[in-house]
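Given next are the chains, with one letter for each unit.
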Amino acid sequence: MIRIQRSPIDVAAVIDSVRRDEAGAIAVFLGTVRADPDVDALDYEVYKPMAIRTLADLVDVAQAKFGVVAMSIVHRVGRVPVGGDSVAIACAAIHRAEAFAACAWAMDEVKRVVPIWKQETGPRTPRARRRRSGARRRTR
Amino acid sequence: MIRIQRSPIDVAAVIDSVRRDEAGAIAVFLGTVRADPDVDALDYEVYKPMAIRTLADLVDVAQAKFGVVAMSIVHRVGRVPVGGDSVAIACAAIHRAEAFAACAWAMDEVKRVVPIWKQETGPRTPRARRRRSGARRRTR
Amino acid sequence: MRVQVKLFASYREVVGVRQLAWTLRDGETLGALVDAVVDAYPRLRGHRDTMFLAVNRAYAQPDVVLRDGDEVALLPPVSGGFE
Amino acid sequence: MRVQVKLFASYREVVGVRQLAWTLRDGETLGALVDAVVDAYPRLRGHRDTMFLAVNRAYAQPDVVLRDGDEVALLPPVSGGFE
């Protein structure tokens, strides 16, 4: 499962999507928006067709490099509030070492190559950008 | 959340139990019973009061050693069928490196110190043990 | 020939639009296109060294020769994830 | 004094019961108790070197002095998890 979506991530569905009878180990990573006095939410912008493509390539490389059995990556975009999951990666492998290694590697790669950008939104954010982000959210 | 239970593990509940506003990263590990021609299920036996105690100690050490914000461990015991989750570990930290390191370390420790033993059950298992395990399950 | 130039995040804010239609000579490279866009929008100049480039949704190097209808993207350093 | 001796997994199968009540002299150590149990159930002897010991639900070394009412456990190497 590779998905870029504005709606909240269904973590159980992401995990279930990598379950395979031959896999004994599933490693999962969730990135969540941390509380900060200056941050109410993060606004994620994406170049979606390229992001989907780089995520698919990344899963292919993980399978070749770590021998993982299945990998799913879901990235949320738009406005994600504090406490919300912005990214979920699930990785199934025969043994746990590969599952952990592939999951950590995939998260590094997501931050390195997937065309997604974030901006903080909070009480000190210029009003113009808050208004624009709000409008984007309302029309979603 | 530290739990030893016979019922299936609610993975989403385990994850939700470690969510904290200050944590930006949650690493999760699931150990599942792998398919094998000789294995229908694994039977887990536990020394429960000591297992609970060693798991609690392990969480304390993880907090001191890796600075994790919260950690939950749930181990299923009794008969776990192929595809079932036998163990779930969730670990929240401020940054992802600590979350992954603590989660992998905790799984190693579970296998090293928590008094839980498993036995395979399958078509070639001696009938006496199959009957006993079945009876145990029915009376749960 | 004509290509579309997509702009994201800070580049979009600097230029003020999400997309530019750009006309260039046959055989021109991606690098030459970027130079022309930066000349037209000098506020992009400070970003030139950290800019990633893509053609048709894949990362590309400046020496790639463009073709009519290509979708070019100017990408600020990515910052997906959460921290 | 009396202690309870709990047996798990393969040890329980070898001995045939989950728990033994054992009487021993005051001041006796965990190691002496284990020697006595292994003498009484010789099929445990082959497991002596890989046996883990616990007193009152915590791992313990053989030189620990037991007290009346202690809960002793003889633990095969653990194999929790999944693989």
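The structure displayed is predicted, hence computed values, not measured ones.

The rules we used
Residues numbered from 1 in each chain as written. Chains lettered and ligands numbered in written order. Predicted model: local features only at pLDDT ≥ 70, side-chain atom pairs only at ≥ 80, totals over all residues. Heavy atoms only, no water. Contact = heavy atoms within 4.5 Å. Buried area = accessible area lost by both parts, 1.4 Å probe. Salt bridge = Lys/Arg side-chain N within 4 Å of Asp/Glu carboxyl O. Polar contact = N/O pair within 3.5 Å; in protein donor to acceptor, adjacent residues only side chain to side chain. Helix = DSSP H or I, 4+ residues; strand = E, 2+ residues; numbered from the N terminus. Phe/Tyr/Trp six-rings, centres within 6.5 Å; stacked < 30°, edge-to-face > 60°. Buried < 20%, exposed > 50% of the residue type's maximum accessible area, 1.4 Å probe, protein only. Axes fitted to C-alpha atoms, helices over the stretch in contact; angles between N-to-C directions. Parallel < 35°, antiparallel > 145°, perpendicular 65-115°, else oblique. Nonpolar A, V, L, I, M, F, W, Y, C, P; charged D, E, K, R; others polar. Pairing = 2+ DSSP bridges.

1. Brief notes about the interface of chain A and chain C
Next, step 1: On the side of chain C, 21 residues touch chain A, which itself brings 29 residues to the contact.
Next, step 2: Here chain A meets chain C over a buried area of about 2,100 Å², counting both sides, of which 52% is carbon and sulfur.
Next, step 3: Summed over the shared surface of chain A and chain C, the number is one salt bridge.
Next, step 4: One salt bridge connects A:Glu45 with C:Arg12, and the closest N-O pair in it is separated by 2.4 Å.
Next, step 5: Taken together, the links from chain A to chain C amount to seven residue pairs in polar contact (both at pLDDT 80 or more).
Next, step 6: Secondary-structure elements contributing two or more residues to the side of chain A that touches chain C are strand S2 (25-32), strand S3 (41-46), helix H2 (48-66), strand S6 (85-93), helix H3 (96-113), strand S7 (116-121) and helix H4 (127-138) of chain A.
Next, step 7: With five residues, H3(A) is the largest single contributor of residues to the side of chain A that touches chain C.

2. With respect to the packing of aromatic side chains
Next, step 1: Following the criterion strictly, the structure yields 10 aromatic pairs over all chains and no others.
Next, step 2: Ring geometry for C:Phe52 and C:Tyr59: centres 6.1 Å apart, planes at 70°, overall edge-to-face.
Next, step 3: On the basis of relative accessibility, which here comes to 41%, the residue C:Phe52 falls in the partly exposed class.
Next, step 4: A relative accessible area of 34% places C:Tyr59 in the partly exposed class.
Next, step 5: A connected cluster of aromatic rings, assembled from ring pairs, spans A:Tyr47, A:Trp117 and C:Phe8.

3. Some words on the interface of chain B and chain A
Next, step 1: Listed as interface residues are 30 residues of chain B and, on the opposing side, 30 residues of chain A.
Next, step 2: Here chain B and chain A share an interface that buries about 2,400 Å² over both sides, 56% of which is from carbon and sulfur atoms.
Next, step 3: Among the residues chain B hides against chain A, the three largest losses belong to B:Arg34, B:Arg96 and B:Phe100. Together they make up 26% of the total.
Next, step 4: Between chain B and chain A we count four salt bridges in total.
Next, step 5: Across the salt bridge formed by A:Arg96 and B:Asp108, the nearest N and O atoms sit 2.5 Å from each other.

4. Let's talk about the pattern of salt bridges
Next, step 1: Counting across every chain of the model gives 20 salt bridges over all chains.
Next, step 2: For A:Asp43, the salt bridge is made with A:Arg79, and the minimal N-O distance between the two is 3.0 Å. Note that A:Asp43 is positioned in strand S3 and A:Arg79 in strand S5 (residues 78-81), a separation of 36 residues in sequence. For the pair A:Asp43 and A:Arg79, a shared accessibility class is recorded, and that class is buried.
Next, step 3: A salt bridge links B:Asp16 to B:Arg19; its shortest N-O distance comes to 2.9 Å.
Next, step 4: Judged by relative accessible area, B:Asp16 falls into the partly exposed class, the value being 46%.
Next, step 5: What you see here is one network of salt bridges that share partners, running through A:Asp16, A:Arg19 and B:Asp85.

5. Things to note about the packing of H3(A) against helix H3 (residues 96-113) of chain B
Next, step 1: In the contact formed by H3(A) and H3(B), the axes pass within 11 Å of each other and the chain directions differ by 175°. In terms of their interaxial angle, H3(A) and H3(B) are classed as roughly antiparallel. Facing H3(A), whose interface residues are A:Arg96, A:Phe100, A:Cys103, A:Ala104, A:Met107, A:Asp108 and A:Lys111, H3(B) presents B:Arg96, B:Phe100, B:Cys103, B:Ala104, B:Met107, B:Asp108 and B:Lys111.
Next, step 2: A per-class count over the contact of H3(A) with H3(B) returns eight nonpolar, no polar and six charged.

6. Some points on the sheet that holds S5(A)
All names here are of chain A.
Next, step 1: Pairing is antiparallel across the open sheet formed by three strands, whose spatial order is S5-S3-S7. In the strand order of this sheet, the two ends are held by S5 and S7, each with one partner. Across this sheet, the average inter-strand angle for adjacent strands is 25°, counted without regard to direction.

7. Digging into the environment of D:Tyr11
All names here are of chain D.
Next, step 1: Within the secondary structure, Tyr11 is located in helix H1 (residues 9-15).
Next, step 2: A residue is classified by how much of its surface remains accessible, and Tyr11, at 0% relative accessible area, is buried.
Next, step 3: Measuring from C-alpha to C-alpha, the distance between Tyr11 and Thr23 comes to 20 Å, with 12 residues separating the pair along the chain.
Next, step 4: Setting aside residues up to four positions removed in sequence, Tyr11 forms contacts with Leu44, His47, Thr50, Met51, Leu74, Leu75, Pro76 and Pro77.

8. Some thoughts on the arrangement of the chains
Next, step 1: Ranking by contact count across five pairs of chains in contact places chains A and B at the top.
Next, step 2: At the C-alpha level, the nearest point of chain C lies 30 Å from chain D, with no contact between them.

9. Some thoughts on the sheet that holds strand S1 (residues 2-5) of chain B
Next, step 1: Spatially, the eight strands line up as an open sheet ordered S1(A)-S4(A)-S6(A)-S2(A)-S2(B)-S6(B)-S4(B)-S1(B), and their pairing is mixed. Whereas interior strands pair on both sides, the edge strands pair on one side only; in this sheet they are strand S1 (2-5) of chain A together with S1 of chain B. In this sheet, neighbouring strand axes are inclined to one another by 10° on average, regardless of whether the strands run parallel or antiparallel.
Next, step 2: Direction of pairing for strand S4 (residues 70-76) of chain B relative to strand S6 (residues 85-93) of chain B: antiparallel, over a ladder of six bridges. When the sheet's bridge partners are listed, B:Ala70 is paired in S6(B) with B:Ala92.
Next, step 3: Contacts from H3(A) reach S2, strand S4 (70-76) and S6 of chain A together with strand S2 (25-32) of chain B within the one sheet, and its direction differs from that of S6(A) by about 145°.
Next, step 4: Across the sheet, helix H2 (residues 48-66) of chain B is in contact with S1 and S4 of chain B; its angle to S1(B) comes to roughly 150°.

So far we have only geometry, and geometry alone does not tell us how the molecule works.
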